[in-house]
Every structure is written in structure tokens, then in C-alpha cells.
Amino acid sequence: MDDPAGGASPPLFSVVIPTFQRAQSVLQAVGSVLAQTHGDLEVIVVDDGSTDGTSALLAELDDPRLRVVALDHSGVGAARNAGIDAATGEFVTFLDSDDDAHADWLSVLASEIEAHDPELIRSAATVVHERSGRTQVAAPASGPARYPYGVCLPGTYAIRRPLLQRVGGFDAGLRFGENTELLLRVLDALDGHRSSVRMVDVPLVTCNRRARRSVEYG
């Protein structure tokens, strides 16, 4: 979409996908975003020092909405922060490079934005456990007792970019729980303004929990 001055206007969504040594799955993750029914988006893949041919595969994709940021290996938090720095969208959301977005993921979020003008949207995910074959739905408003704010997974939240920048992005020193820790700081910044948060208890992404996952990426 172009603005009246003739330049390209920012997209509604920036989707950040960090990846490390996942050449076999990252193309599927990216494809699931580029195939969204809501097309006002950009995809920022942050290649966190992969040596498995990821960069060559991404270079073969021809879509003006896709950008690739290359880093020396720094960990998932730093990779997501690099994606935030590169983002231009009104809202920023994230997807892991071995997960998949449902085709209407961003359409549902866009409807919530149009109707309610929130700062934060939280949604549900379908979680598939590769080892057991078990499938479950992780909803934002409910979860195990140890998750009083509900389960927070990549793809299940979208944050208005200025708010995300204000809280400082991810804690790059964390090796797990970084999504929940970020969410807690975002909620604290909203200072209890419930009208600024929208909850969608519908699974909009599929999170694949592999039998073996990198400590830093999953």
C-alpha cells in the first residue's frame, strides 16, 4: 500500500521469525505467513548464524514482503530483538521457524485491531507434541496453575511496536521463558488497562514441540 506522498506506507504487521539450523522447516514457516489471507504484512527472518544452508534457501524466495537479517549466532532473544529493530509494522508478532501460522491468523488479529484498537492481542495455539503425538490447545486466558497469565507462545501475541520498543524487547540473557517474561513487562507497562488487551481463545498458529529442540530455540 502506498501513502499519498508516493512512498510505501508501513504494513499493519511485522512478523519476526528467528531461525538457527532449521533449513528444513523455516521455508514452511515463512510460507505459512506469506500465504495469509490478510496480506498487509512484512516478514523479517533473522538468520542467527546458521551453517546448514538456510541463507541460500531464503535467497531463493522472491517476495517483496520478505526481508532477511543475518547475525552472528547470538541466541533467540537477541535474534528477535534484531527483528524488532528492523520492523516497520504497526504491530509486531513472532513465529518460531519450526511452527506454522493458520491462514486466517493475521485476518483475525486485524479484525480485533479494527474493532477495538488494542495495544496487545493474545490468542490461542494448537500445540503438537512430536514424541507422544498428543495435541492440545493452549489458550491465553487459561493454563496450568504455574502460568497464572496463561500460556504465552510465539505466534500467540501481537504487540503495538512503540509499546514493544518502550519495554525494551526481549531479555537476551534468558535461555527459556523469554516470551512469558516479555509479556509480564508489557502487561506491567499497560498498568492494568484491560481495555488495551484483547483475548482471542481461538488457535491461530500450530506450535510443534519436537522430541529434540535446541536449548536456545524452543
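Everything discussed here concerns the structure shown above.
Bear in mind that the values here come from a model prediction, so they are computed numbers and not experimental data. (Residues numbered from 1 in each chain as written. Predicted model: local features only at pLDDT ≥ 70, side-chain atom pairs only at ≥ 80, totals over all residues. Heavy atoms only, no water.)

J.: Quick rundown of helix α1 (residues 23-34)? Include the residues and the values.
T.: Helix length check: α1 (12 residues) gives 17 Å between terminal C-alpha atoms against 16 Å at 1.5 Å per residue, within 8%. Residues of α1 that are buried include every one of A23, S25, V26, A29, V30, S32, V33 and L34, and no others. Buried residues belonging to α1 abut β1 (13-19), β2 (41-48), α2 (54-59), β3 (66-71), β5 (100-101) and α4 (105-116). (Helix = DSSP H or I, 4+ residues; strand = E, 2+ residues; numbered from the N terminus. Expected span 1.5 Å × (residues − 1). Buried < 20%, exposed > 50% of the residue type's maximum accessible area, 1.4 Å probe, protein only. Contact = heavy atoms within 4.5 Å.)

J.: Explain the packing of aromatic side chains residue by residue, including any values.
T.: By the definition in use, this model includes three aromatic pairs. Aromatic pair F13 and F91: ring centres 6.4 Å apart, planes at 50 degrees, arrangement tilted. Here F91 lies in strand β4 (residues 91-94) and F13 lies in strand β1, a separation of 78 residues in the sequence. On the basis of relative accessible area, F91 is assigned to the buried category, the value being 0%. For the pair F94 and Y157, a centre-to-centre distance of 5.9 Å together with 45 degrees between the ring planes defines the contact as tilted. Here F94, found in strand β4, pairs with Y157, found in strand β8 (residues 157-160); they are 63 residues apart in sequence, far enough to count as distant. Residue class for F94 comes out buried when judged on its relative accessible area of 0%. Judged by relative accessible area, which is 3%, Y157 ranks as buried. Ring pairs connect the aromatic residues F94, Y157 and F170, which therefore count as one cluster. Residue placement shows R80 over the ring face of F170; its charged tip is 5.1 Å from the ring centre. (Phe/Tyr/Trp six-rings, centres within 6.5 Å; stacked < 30°, edge-to-face > 60°. Lys NZ or Arg CZ within 6 Å of the ring centre and 35° of its normal.)

J.: Tell me what's going on with the nonpolar core, and back it up with residues and numbers.
T.: Counting 32 residues, the largest nonpolar core has F13 and W105 as its most contacted members. Going through the elements one at a time, β1, α1, β2, α4, β6 (120-129) and β9 (197-209) are the ones with two or more residues in this core. Apart from the residues within four sequence positions on either side, F13 is in contact with H38, D40, L41, E42, G89, F91, L106, L109, A110 and I113. Counting 23 residues, the second-largest nonpolar core is a separate cluster that includes A82, L120, L163 and L190. (Core = buried A, V, L, I, M, F, W, Y, C linked by side-chain atoms within 4.5 Å.)

J.: Residue-level account of unusual backbone geometry, with values.
T.: Backbone geometry at Q21 places phi at a positive 55 degrees, although glycine is not the residue there. For D117, which is not glycine, the phi torsion reads 50 degrees and is therefore positive. With respect to the helices and strands, the residue D117 is situated in the loop between α4 and β6.

J.: Give me α4: which residues, what numbers.
T.: Compared with the 16 Å implied by 1.5 Å per residue over 12 residues, the 17 Å span of α4 between its first and last C-alpha is a close match. Among the residues of α4, W105, L106, L109, A110, E112 and I113 are the ones counted as buried. The buried residues of α4 occupy an angular sector of 160 degrees when the element is viewed end-on, so they sit on one face. The exposed set on the far side of α4, more than 90 degrees from its buried face, consists of E114 and A115. D117, located one to two residues past α4, shows a positive phi value of around 50 degrees. (Arc of directions from axis to C-beta.)

J.: Please set out the environment of L71 residue by residue, giving values where relevant.
T.: Here L71 lies in strand β3. Along the primary structure L71 and A82 are separated by 11 residues, whereas in three dimensions their C-alpha atoms are 8.4 Å apart. Not counting the four nearest positions on each side in its chain, L71 is found in contact with V46, D47, D48, G49, A78, A79 and A82.

J.: Give me the lowdown on the pairing of strand β7 (residues 135-138), citing residues and values where you can.
T.: Sheet topology note: the β6/β7 ladder contains four bridges and is antiparallel. Its bridge partner being in β7, A125 is matched across the sheet by A138. Hairpin geometry of β6 and β7 is characterised by an intervening segment of five residues between the two adjacent antiparallel strands and by a positive phi of about 75 degrees at G133. (Pairing = 2+ DSSP bridges.)

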